[in-house]
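# Structural overview for review
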Amino acid sequence: MENSIIYLPPVKDCSYLDIEANLAIRINECFTSKNVFRISNTLKEEEEELPVLSYDYVKKKWITGRYIGKIFFKHLHHDYCFEIQPRFGNTTVMHLLEEIFNIKLANSNSSSKLQNSSQNELIKKLISFIWVKQLSKANIHGLPKHKVKIQYKESTIKGRIDIRKSFLPIYNEKLLVSERNEKQIDTVILSILNKAYKVLSKKYYLTQNMLSESVIEMINSSSDFHNISITESQYRNIKYGSMYINYKDIVDFSWNIIQRKQNDLSPEQSTNNGDALFLDMAEIWERYLMTIFKKQYGKDGWQVYSTKFTIYNNQYFKRGLIPDIIIEKENKVVVLDAKYKNMSNNWNDYDRSDFFQIHTYGSYMEAHHKKVIGIGLLYPLNENMNLEQLENNLSDNLFGETDHTTWFKVDGIKLSEKVEELTYYKNAFLERFDEKLSIPL
């Protein structure tokens with residue numbers, strides 16, 4: 001029964017909390033990376049799994065990490081619920097997701113429904129709304145189709161005649177063999193979309209009044225393919241033609257939903273291993289920055305991307321380097337790392353390992369004959385930095401007092417639940433980058 005669950009006081013992400021050590025350890029035991037719903041196919045799947053809670057040995061306190069959501073678990077024959085809320089507020093998370101997916105979530109119709117009144121209703125409804133909006137956008141050209149080569153054996157030619165295969169049919173049956181490419185409905189895509197719809201309807205609070213006419217049409221069209229089993233290989237090998245490339249994002253999103261269908265947060269089904277569903281705010285922050293950089297600089301010929309570089313490939317200690325954001329044009333690059341940590345311009349907020357990491361990325365790009373314009377660490381800011389603070393967070397020369405022309409900066413955006421304020425801080429941030437990128441190429 002829900003009334004028998006012990007609800008621990010909710011806490012914010014990246015914040016200290018008072019909790020018994022045995023409870024904190026139990027929460028970490030119940031949590032796995034499978035409990036995290038990924039909004040994209042991240043390059044960092046090989047990263048070490050991060051716990052929900054870490055212990056700060058200096059302050060002798062437990063601290064939450066980058067995840068937001070709820071976990072139900074059993075401890076000493078009692079049922080518990082532990083919740084981590086976004087420190088910048090639920091509305092801010094919606095604003096970031098709106099920018100990432102280019103959709104509108106926090107309107108008058110949907111915001112009233114996004115109340116966290118039951119087991120992770122907020123996160124589940126967010127996932128459902130994103131899915132519906134993405135599918136509506138993807139369906140502008142109708143049902144997804146792909147080219148299939150069809151072979152005909154008839155008295156007339158359709159497409160191109162296959163002379164070799166026509167020798168015997170002509171002699172024996174007076175028929176010709178011909179081939180032509182035809183577009184057919186992509187059953188793999190439709191099956192994935194239908195399976196995701198079934199999961200969302202059953203476990204993610206997706207209701208019929210959330211669906212647009214185009215989405216209803218798509219769901220009805222895909223119902224014939226709901227029994228088709230789709231393998232990982234089939235999903236990975238989907239080919240998107242130029243007209244239907246807009247389906248890729250919604251198919252990837254749907255596949256993530258299908259793979260995590262076991263994350264049912266019903267307390268009645270709570271087990272000793274724990275039921276949980278979380279969003280990774282570090283992933284959302286990184287995707288948000290990537291999105292606004294693409295919108296700002298893509299039109300001017302800058303490529304904005306992330307990729308994995310393998311170093312020491314022939315040694316046992318080979319490793320992968322994955323800068324979060326690379327901005328490149330004509331062999332000139334800026335390398336940035338998104339850090340979802342507290343940043344209030346206090347010296348304690350500047351992480352030593354982050355500094356070494358971003359400088360390593362810059363050195364790697366230079367070693368591969370790129371002209372590194374600048375490198376930087378980007379944080380969500382707890383407060384808006386004034387001009388003096390911003391100047392102190394910028395070095396025009398790498399490593400400080402050197403003749404190296406690469407700049408290094410620590411910057412970020414103050415996150416606000418008010419969309420007007422968030423837009424203002426975002427634009428101010430981009431203006432600062434405009435100044436650093438507006439150099440002769």
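Anything mentioned here points back to the structure above.
A few points on the structure. Bear in mind that the values here come from a model prediction, so they are computed numbers and not experimental data.

### Focus: the sheet that holds strand β13 (residues 303-305)
Spatially, β13-β16-β17-β18-β20-β19 is the arrangement adopted by the six strands of the open sheet, whose pairing is mixed. Both outer strands of the open sheet, β13 and β19 (394-395), are each paired with one neighbouring strand and no more. For strand β18 (residues 371-381) and strand β20 (residues 407-414), the ladder comprises eight bridges, and the chain directions are parallel. From the neighbouring strand, Leu378 faces β20, where its bridge partner is Asp411. Relative to β18, helix α11 (residues 352-367) is tilted by about 155°, and along the sheet it contacts β16 (325-329), β17 (332-338), β18 and β20.

### So, the sheet that holds strand β3 (residues 16-17)
On the basis of which strands lie adjacent, the open sheet formed by three strands has the order β3-β6-β5 and antiparallel pairing. Edge strands, defined here as strands with exactly one partner in the open sheet, are β3 and β5 (53-56). Of the strand pairs in this sheet, β3 and strand β6 (residues 61-64) are connected by two bridges, and their pairing is antiparallel. By the bridge assignment for β6, Leu17 is matched with Trp62. Running at roughly 30° to β6, helix α1 (residues 21-30) makes contact with β5 and β6 of the sheet.

### Observations concerning the environment of Ala196
Examined against the element boundaries, Ala196 turns out to sit in helix α6 (residues 187-203). In this structure the C-alpha to C-alpha distance between Ala196 and Phe253, which are 57 residues apart in sequence, comes to 8.8 Å. With near-sequence residues (within four places) excluded, Ala196 lies in contact with Trp131, Ser254, Ile257 and Ile258.

### Describing the packing of helix α4 (residues 121-138) against α6
Interhelical geometry of α4 versus α6 gives an angle of 150° and a closest axis separation of 10 Å. Relative to α6, the crossing made by α4 is left-handed. On the side of α4, the interface is formed by Lys124, Ile127, Ser128, Trp131 and Leu135, while α6 contributes Leu193, Ala196, Tyr197, Leu200 and Lys203. Per-class residue counts for the contact of α4 with α6 are seven nonpolar, one polar and two charged.

### Points about the pattern of salt bridges
Using the criterion set out here, one finds 18 salt bridges in the structure. Between Arg87 and Asp13 there is a salt bridge; the shortest N-O distance is 2.5 Å. With a gap of 74 residues between them, Arg87 in the loop between β8 (78-85) and α2 (90-101) and Asp13 in the loop between β2 (11-12) and β3 connect regions that are remote in the sequence. Each of the two residues, Arg87 as well as Asp13, counts as buried. The residue Lys370 makes a salt bridge to Glu328 at a minimum N-O spacing of 2.5 Å. Of this pair, Lys370 sits in the loop between α11 and β18 while Glu328 sits in strand β16, and the two are 42 residues apart along the sequence. Looking at Glu328, the relative accessible area reads 8%, which means it is buried. Look at the salt bridges and you will find they share partners, linking Asp337, Lys339, Lys341, Asp351 and Asp354 into a network.

### Comments concerning the nonpolar core
Counting 83 residues, the largest nonpolar core has Leu97, Trp131, Tyr247, Leu289, Phe293 and Ile413 as its most contacted members. Contacts of Leu289, omitting those with residues within four sequence positions, involve Ile325, Ala338, Leu378, Ile413 and Phe429.

### Thoughts on the side chain of Ser15
Within the secondary structure layout, Ser15 lies in the loop between β2 and β3. Within the local environment of Ser15, its side chain forms a polar contact with the backbone oxygen of Asp13, the two atoms lying 2.9 Å apart. Each residue touching Ser15, except ones within four places of it in the same chain, is listed here: Trp62, Ile63 and Thr64.

### Overview of the packing of α4 against helix α7 (residues 213-222)
Contact pair α4 / α7: the axes reach a minimum separation of 9 Å and the direction vectors enclose 85°. Relative to α7, the element α4 lies roughly perpendicular. Here Trp131, Val132, Leu135 and Ser136 of α4 come into contact with α7, specifically with Ser214, Val215, Met218 and Ile219.

Definitions and limits used
- Residues numbered from 1 in each chain as written.
- Predicted model: local features only at pLDDT ≥ 70, side-chain atom pairs only at ≥ 80, totals over all residues.
- Heavy atoms only, no water.
- Pairing = 2+ DSSP bridges.
- Helix = DSSP H or I, 4+ residues; strand = E, 2+ residues; numbered from the N terminus.
- Contact = heavy atoms within 4.5 Å.
- Axes fitted to C-alpha atoms, helices over the stretch in contact; angles between N-to-C directions.
- Left-handed = near helix turned anticlockwise from the far one by under 90°.
- Nonpolar A, V, L, I, M, F, W, Y, C, P; charged D, E, K, R; others polar.
- Salt bridge = Lys/Arg side-chain N within 4 Å of Asp/Glu carboxyl O.
- Buried < 20%, exposed > 50% of the residue type's maximum accessible area, 1.4 Å probe, protein only.
- Core = buried A, V, L, I, M, F, W, Y, C linked by side-chain atoms within 4.5 Å.
- Polar contact = N/O pair within 3.5 Å; in protein donor to acceptor, adjacent residues only side chain to side chain.
- Parallel < 35°, antiparallel > 145°, perpendicular 65-115°, else oblique.

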